[in-house]
Amino acid sequence: MKPPSISEHDRRRKKALIALQLVCYGYLLMMFCIQLYMYSQRDW
Amino acid sequence: MNESQSDELPLGTTPAFANMHKWLRRGLIVCLCALVLEGAFTFPLLAVWYGWPTLSLQEICTEFERIRFSDESRECIYPYPLFGPAEGAGQTTARDEWGVQPRPQYQAIEYRELVRRVEARRARENQ
Amino acid sequence: MSSNTLALGGTGNLDEHHRQSRQAQWQADKWMMSGALLLGTAVFGIFGLPLFLRGLWLQIRAERSGLTMRPVIVTLIGYLVAVDAALNTIGWALDLVAHHTLLARVFLMAWGNMFDAGYFWHYNELWIGGATAPGEKSWEIALLPIVFSMRIAAAIGFLQMKRWGHQWLIVTCWFGVVAWAGYIANMTLYADVRYTGVVFPVIGWWLYDIFYITPFLALPYLHSVNREIFSD
């Protein structure tokens, strides 16, 4: 069992994983917004 | 983070990631339920929207084909010959604005619109 | 885990505890496997969900009673990525090889007309049949064998808590990220073909498909779990 204190290694890994998720969801959101913008411009 | 909390952590989850794992678990449950509901209800709801059970599946298939290829003479052949050419191959009737971004000219099909199309056609034929 | 083992102290030694744990896990897995099989067929999913939830409940109950079970999140990820891959496989296999069946020509067309005209526009006109939207067919041919069938295999190994299962699930979930990124870029570029004359453009497609983002949810876990719980 690991000691309950959060290691520096874990802290950096956590930061990287949160950044990864922000990038992924940000990309999806961006594509969605582009499509919404196109939707508002055309008669689909 | 005190001793008793870290004891309750699931196997493989370190204290640093306890919170993240909790949220991932919630997201996973939401996705699971949503996929199940979609899987269960998509087919029946689509069928009702496009005219079943008033129209048979083959009649719906025929209407789709007529709209897709803008050709009122098309019929949905079923069962389709196993090694025959693709049903739409070589068709010349579909209407599009051609260009680097083609734009089809068919309209969206409204709720139960296919039923009204079929009924109108039958009324015309019976006159 | 030490406190859990102590709670069981009276019933026997470590071997006995291990045997009981495996038995309880298998018991729960039987329910969840039959549930997941039904979930993967889409149409019968509603009958599969109660079976699956009962299995999950059995697992959680056994864990509470002090047995050493597979973590709930591992169970959820393993089954969910398998179900997600199975659902994708059904739809795309239908389009790839069964495009002239009545089922495909009614339900794929209906779905396409409602959410994504990639499955309506000039359908069954290519010599290979099926979807005709730019790029769509290539995605099907590439992703079916590489992503979805491999992900189902990986999920099975992952549920058995095997090291290869963990590793291959990481690989195939990254494939899933590539697939999502490329697929929606393609979709946005050819949005005119895909959303013109559609009943619920854009919002409809996103509402329907967003729940397939399971690889995005699985990856942060797979990269942050203590790898020692997976064995060779």
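Note that the coordinates shown come from a computational prediction; the quantities given were computed from them, not determined experimentally.

## Comments concerning the overall build of chain B
At step 1: The helix and strand tally for chain B stands at four helices and two strands.
At step 2: On C-alpha atoms alone, chain B measures out to a radius of gyration of 26 Å, which is more than a quarter above the 14 Å that the 2.2 N^0.38 rule sets for 127 residues.
At step 3: Reported as C-alpha extents along the three principal axes, the dimensions of chain B are approximately 85 × 40 × 30 Å.
At step 4: Taken across its 127 residues, chain B has 46% of its residues classed as buried.
At step 5: Put simply, of all contacts in chain B between residues at least 6 apart along the chain, 49% involve residues at least 24 apart.
At step 6: Here chain B displays about 7,200 Å² of accessible surface, and carbon together with sulfur accounts for 57% of that area.
At step 7: Side-chain charges of chain B comprise 14 positive and 17 negative groups, with the mean position of each set lying 3 Å from the other.

## Overview of the packing of aromatic side chains
At step 1: Per the counting criterion, the structure on display carries 25 aromatic pairs over all chains.
At step 2: Each residue in the set Tyr25 and Phe32 of chain A together with Trp92, Trp139, Phe148, Trp180, Tyr183, Trp205, Trp206 and Phe216 of chain C is aromatic and connected to the rest through ring pairs, giving one cluster.
At step 3: In this structure, Arg26 of chain B packs its charged tip against the face of Trp23 of chain B, placed 4.7 Å from the ring centre.
At step 4: One residue, Arg54 of chain C, lies across the ring of Trp31 of chain C, its end atom 4.7 Å from the ring centre.

## Quick word on the state of the cysteines
At step 1: This structure, assessed with the given rule, holds one disulfide over all chains.
At step 2: A disulfide bridge connects Cys61 of chain B with Cys76 of chain B, and the sulfur atoms are separated by 2.1 Å. Because the sign of the S-S torsion sets the handedness, a value of about 75° for the bond joining Cys61 of chain B and Cys76 of chain B places this disulfide among the right-handed ones. In this pair, Cys61 of chain B sits in helix H3 (residues 57–68) while Cys76 of chain B sits in the loop between H3 and strand S1 (96–97), placing the two residues 15 residues apart along the sequence.
At step 3: Left without a disulfide partner, Cys173 of chain C is nearest to the cysteine sulfur of Cys24 of chain A, which lies 11 Å away.

## A few points about the environment of Met20 of chain B
At step 1: Tracing the backbone shows Met20 of chain B in helix H2 (residues 18–49).
At step 2: Look at Met20 of chain B and you get buried, because its relative accessible area is 10%.
At step 3: Other than its neighbours up to four places away in sequence, Met20 of chain B contacts Lys14, Leu17, Ile18 and Gln21 of chain A together with Pro220 of chain C.

## Considerations on the interface of chain C and chain B
At step 1: With 60 residues of chain C in contact, the opposing surface of chain B contributes 60 residues.
At step 2: Regarding the contact of chain C and chain B, the summed buried area is about 5,500 Å², with carbon and sulfur atoms giving 74% of it.
At step 3: Its largest share of buried area at the contact with chain B, chain C owes to Arg105, Phe107 and Phe211 of chain C, together 12% of the area lost on that side.
At step 4: The interface formed by chain C and chain B includes two salt bridges.
At step 5: Here Asp192 of chain C ties to Arg103 of chain B by a salt bridge, and the two come within 3.0 Å at their closest N and O atoms.
At step 6: Where the side of chain C that touches chain B is concerned, the elements lending two or more residues are helix H3 (45–64), helix H4 (72–97), helix H5 (102–114), helix H8 (191–195), helix H9 (203–209) and helix H10 (214–224) of chain C.
At step 7: When residues of the side of chain C that touches chain B are assigned to their parent elements, the largest contribution, 10 residues, is made by H5 of chain C.

## Some points on the side chain of His17 of chain C
At step 1: One can find His17 of chain C in helix H2 (residues 14–39).
At step 2: For His17 of chain C, the side chain forms a polar contact with the main-chain oxygen of Gly66 of chain C, separated by 3.2 Å.

## Thoughts on the domain arrangement of chain C
Residue and element names in this part refer to chain C.
At step 1: Domains assigned within chain C are domain 1 (9–69) and domain 2 (71–229).
At step 2: Each of domain 1 and domain 2 has a C-alpha centre, and these two points are 27 Å apart.
At step 3: Residue-level contacts link 14 residues of domain 1 with nine residues of domain 2.
At step 4: Both faces combined, the contact of domain 1 with domain 2 buries some 890 Å², and carbon together with sulfur accounts for 71% of it.
At step 5: Linking domain 1 to domain 2 there are zero salt bridges.
At step 6: At the boundary of domain 1 with domain 2, the tally comes to two residue pairs in polar contact (both at pLDDT 80 or more).
At step 7: When contributions to the side of domain 1 that touches domain 2 are tallied by element, the ones reaching two or more residues are H2 and H3.
At step 8: Here the side of domain 1 that touches domain 2 is composed, by residue class, of nine nonpolar, three polar and two charged.

Here is what the cut-offs are and how they apply
Chains are numbered independently. Their residues run from 1 in the order of the written sequence. The lettering of chains begins at A and the numbering of ligands begins at 1, in the order of writing. Totals for whole chains, interfaces and linings use every residue, but because this is a predicted model, local features are given only for residues with pLDDT of at least 70 and side-chain atom pairs only at 80 or more, for both listing and counting. For the side-chain quantities, the full set of heavy atoms in the structure was used; hydrogens and water were omitted. Helix and strand definitions follow DSSP, with helices as H or I runs of at least four residues and strands as E runs of at least two, each counted in order from the N terminus. We compute the radius of gyration over the C-alpha atoms and compare it with the globule rule, which gives 2.2 Å times the number of residues raised to the power 0.38. Whether a residue is buried, partly exposed or exposed follows from its accessible area with a 1.4 Å probe, protein chains only, as a fraction of its type maximum: under 20%, in between, or over 50%, in that order. By the convention used here, residues are in contact when the closest approach between their heavy atoms is within 4.5 Å. Residue exposure ignores everything except the shown protein chains as possible cover, and the areas themselves are Shrake-Rupley values with a 1.4 Å probe. In this tally, Asp and Glu contribute negative charge and Lys and Arg positive charge; neither His nor the terminal groups of the chain are included. For this purpose, a charge sits on NZ of Lys, CZ of Arg, CG of Asp or CD of Glu. In summary, the pairing rule links any two rings of Phe, Tyr or Trp, Trp by its six-membered ring, whose centres are within 6.5 Å, and it sorts them by plane angle into stacked for under 30 degrees, edge-to-face for over 60 and tilted for everything else. The rule for a charge over a ring is simple: NZ of Lys or CZ of Arg within 6 Å of the ring centre, and within 35 degrees of the ring normal. Put simply, a disulfide is two cysteine sulfurs that come within 2.5 Å. As a working definition, buried area equals the accessible area (1.4 Å probe) given up by two parts on being put together, with both sides summed. When a carboxyl oxygen of Asp or Glu lies within 4 Å of a side-chain nitrogen of Lys or Arg, that pair is called a salt bridge. Under the rule applied, a polar contact is a pair of N or O atoms within 3.5 Å (in protein, one hydrogen donor and one hydrogen acceptor; residues adjacent in sequence only if both atoms are side-chain atoms). Residue ranges for the domains trace back to a domain assignment, done automatically or taken from a database. As a working rule, the residues Ala, Val, Leu, Ile, Met, Phe, Trp, Tyr, Cys and Pro are called nonpolar, Asp, Glu, Lys and Arg charged, and the rest polar, with Gly in that last group.

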